[in-house]
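Residues per chain are reported as follows:
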Amino acid sequence: MSRQAARTGDPRKVNGELFTLTYGALVAQLMKDYENDDEVNKQLEKMGYNIGVRIIEDFLARANSGRCNDFRDVADVISKVAFKMYLGITPVVSNWSPAGDEFSLLLENNPLTDFVELPEGHDSLNYSNILCGVLKGALEMIQMDVDVKFVQDHLKGDNITEVRLKFIKRLEDAVPVGED
Amino acid sequence: MSNMAVCVAVIAKENYPLFIKTTPTDNELQFYYTVHTSLDVVEEKISSVGKNANDLRELYLGLLYPTEDYKVYGYVTNTKVKFVVVVESSNTSLRDNEIRTMFKRLHGAYVDMLSNPFYNPGENIVSRKFENVVMGMMKQD
């Protein structure tokens, strides 16, 4: 237990830069390989999805957070527990839709994008799109079909990075979509 | 207000310029020439500094050479990337310490910019953030 506590503490600071640089190298390589922003976005989401379906198991084993009663609980757990555990940040949950099925996560600082500046002519690239995939994949494994996308991006000149999650439907007999 | 440079240049290890910014004047070319000639002095200093150039004092090369109007300072990183700063001779209030701080900030900004995955080392520097740091230490008319 104490070792796990140390892992979630400050020693992460050094590994954080390596993580940022690794992710940066990944995106840069994808850009070179595909040369098309939308294609890169899709690939990032696919990769994120594959991460998500696995990370949810790790999360549930470690977080011990219990059942969520509704989508609001889900939002709180995602922002206060999950993001904190894996990225060390706590995004703010806001912009709830009146029906309570959509919300936004506002990220003040994003460890994936430290030092990054988007090159000219690549405005449609969602640099942190892997996050969308991770959220979608993870929630799908707990029987929720959600649509996740970036609404605002700090890298594109907006003040804040905003991710929008929309609950689509509950999944029964959840079998993950076949991975091609 | 007092640490104002007139020209800032970043030179790659192969001695071609990655970035040059000067205060807008008529004879900008004069600055390019000054920076270019200062490279000889830099090379001389690098070859005479010892093998363990890890100390900040040894990264900082100090006053390279004074002309009648300007003073040129140099700084080299462990990867042989050079920073050259030109200040006006009339700016006597500029102390050595301030120049060192300037170089440290430049070096910091350079490293941050290098960490951008979309920047390939050896390319011309077009980063907005880096430019802002440089503008912040240059003389504004």
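Rules used throughout
Residues numbered from 1 in each chain as written. Chains lettered and ligands numbered in written order. Predicted model: local features only at pLDDT ≥ 70, side-chain atom pairs only at ≥ 80, totals over all residues. Heavy atoms only, no water. Salt bridge = Lys/Arg side-chain N within 4 Å of Asp/Glu carboxyl O. Helix = DSSP H or I, 4+ residues; strand = E, 2+ residues; numbered from the N terminus. Buried < 20%, exposed > 50% of the residue type's maximum accessible area, 1.4 Å probe, protein only. Contact = heavy atoms within 4.5 Å. Buried area = accessible area lost by both parts, 1.4 Å probe. Polar contact = N/O pair within 3.5 Å; in protein donor to acceptor, adjacent residues only side chain to side chain. Nonpolar A, V, L, I, M, F, W, Y, C, P; charged D, E, K, R; others polar. pLDDT = per-residue confidence, 0-100. Pairing = 2+ DSSP bridges. Axes fitted to C-alpha atoms, helices over the stretch in contact; angles between N-to-C directions.

Undergrad: I keep staring at the pattern of salt bridges and nothing clicks. Help me out?
TA: Once the charged atoms of two side chains with opposite charge are near each other, the side chains can pair. Residue and element names in this part refer to chain A. Here the structure, examined in full by the defined rule, presents twelve salt bridges over all chains. Of the charged contacts, one joins glutamate 39 and lysine 42 as a salt bridge, the two residues approaching to 4.0 Å between their closest N and O atoms. Of this pair, glutamate 39 and lysine 42 are both found in helix H3 (residues 37-63), three residues apart, which corresponds to roughly one turn of the helix. Assessed through its relative accessible area of 54%, lysine 42 is described here as exposed. Put simply, aspartate 145 and lysine 136 hold a salt bridge, and the shortest N to O gap is 3.4 Å. Classification of aspartate 145 by relative accessible area gives buried; the value is 12%. By relative accessible area, which is 21% here, lysine 136 ends up partly exposed. A network of salt bridges, in which partner residues are shared, links Glu102, Arg164 and Lys166.

Undergrad: What exactly am I supposed to notice about the interface of chain A and chain B here?
TA: It is common to give the size of an interface as the accessible area that goes away when the parts come together. Listed per partner, the contact involves 13 residues of chain A and eight residues of chain B. Both faces considered, chain A and chain B share a buried interface measuring about 900 Å² in area, 62% of it formed by carbon and sulfur atoms. Where chain A packs against chain B, one counts zero salt bridges. Linking chain A with chain B are three residue pairs in polar contact (both at pLDDT 80 or more), by the criterion used here. Of the residues assigned to the side of chain A that touches chain B, the class counts are eleven nonpolar, one polar and one charged.

Undergrad: Would you mind showing me how to read the confidence of the model for chain A here?
TA: Low-pLDDT portions of the prediction should not be read for the details of their coordinates. Residue and element names in this part refer to chain A. Mean pLDDT over chain A works out to 86, with 89% of the residues at or above the 70 mark. Ranking the elements of chain A by mean pLDDT puts helix H1 (residues 2-7) last with 44 and helix H5 (residues 129-141) first with 94. Per-residue pLDDT stays below 50 along residues 1-9; that stretch engages in five contacts with residues further than four places along the chain or on separate chains.

Undergrad: Would you mind going over the sheet that holds strand E4 (residues 161-170) of chain A with me for this structure?
TA: Within a sheet, adjacent strands bond to each other through the backbone by hydrogen bonds, running parallel or antiparallel. Residue and element names in this part refer to chain A. With antiparallel pairing, the four strands of this open sheet are ordered in space as E1-E2-E4-E3. The open sheet has two free edges, formed respectively by strand E1 (92-94) and strand E3 (144-152), since each of these has just one partner strand. Strand after strand, the sheet turns through a mean of 25° between neighbouring axes, direction not considered. Here strand E2 (residues 102-107) pairs with E4 via six bridges, running antiparallel. When the sheet's bridge partners are listed, leucine 107 is paired in E4 with threonine 161. Relative to the sheet, helix H4 (residues 71-87) contacts E1, E2, E3 and E4, its axis offset from that of E2 by approximately 15°. Along the sheet, H5 makes contact with E2, E3 and E4, crossing E3 at roughly 165°.

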